[in-house]
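In case you want the letters, here they are:
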Amino acid sequence: MFCVELTFSEDPRRLEARPAHRERLSALYEQGEILASGPWPDDSGALLIFMVSRERLDEILADDPYYTAPGVEVTSVREWTPVFGPATNS
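Here goes a summary of the coordinates provided. (Residues numbered from 1 in each chain as written. Predicted model: local features only at pLDDT ≥ 70, side-chain atom pairs only at ≥ 80, totals over all residues. Heavy atoms only, no water.)

**Observations regarding the pattern of salt bridges**
Consideration 1: On inspection of all chains with the given rule, the structure shows six salt bridges.
Consideration 2: Residue R24 pairs with D64 through a salt bridge whose shortest N-O separation is 3.5 Å. Placement of R24 in helix α1 (residues 14-30) and of D64 in the loop between α2 (54-63) and β4 (72-79) is noted, with a sequence separation of 40 residues between them.
Consideration 3: For R24, a relative accessible area of 33% puts it in the partly exposed group.
Consideration 4: Here D64 falls in the buried class, since its relative accessible area comes to 3%. (Salt bridge = Lys/Arg side-chain N within 4 Å of Asp/Glu carboxyl O. Helix = DSSP H or I, 4+ residues; strand = E, 2+ residues; numbered from the N terminus. Buried < 20%, exposed > 50% of the residue type's maximum accessible area, 1.4 Å probe, protein only.)

**A look at the sheet that holds β4**
Consideration 1: Reading across from one edge, β2-β3-β1-β4 is the order of the four strands in this open sheet, with antiparallel pairing throughout. Each of the sheet's edge strands pairs with one partner strand only, and the pair in question is β2 (34-39) and β4. For this sheet, the mean angle separating the axes of adjacent strands, direction not counted, is 15 degrees.
Consideration 2: Where β2 meets strand β3 (residues 45-50), five bridges bridge the pair, whose relative direction is antiparallel. Residue S37 lies in a different strand from β3, and its bridge partner there is L48. (Pairing = 2+ DSSP bridges. Axes fitted to C-alpha atoms, helices over the stretch in contact; angles between N-to-C directions.)

**Some details on the nonpolar core**
Consideration 1: Formed by 19 residues in total, the largest nonpolar core has its most connected members in L6, L48, F50, L57 and Y67.
Consideration 2: Among the elements of the structure, β1 (2-8), α1, β3 and α2 are those that each provide at least two residues to this core.
Consideration 3: Looking at this core element by element, the count peaks at four residues for β1. (Core = buried A, V, L, I, M, F, W, Y, C linked by side-chain atoms within 4.5 Å.)

In structure tokens form, the structure reads like this:
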């Protein structure tokens with residue numbers, strides 16, 4: 001499992017790429033590859049929790065232009081091992 005944190009700048013061009021990005025996230029959710037995703041309440045960035053290998057995550061990030069759109073920065077990619085929650089069957 002991996003957590004990806006994004007930081008957003010004031011550049012409005014990222015909003016042009018957001019609808020297609022959200023469609024991709026919806027498909028990944030339906031496929032069981034993403035547990036949850038969403039922006040911070042102040043729209044300064046977002047958190048995405050993927051249930052994939054690092055290799056698959058790299059493919060996802062490379063295939064979605066949102067992650068390299070002006071105004072979007074991937075600031076953190078961290079492996080995560082939850083103790084409780086739906087992914088742990090606890």
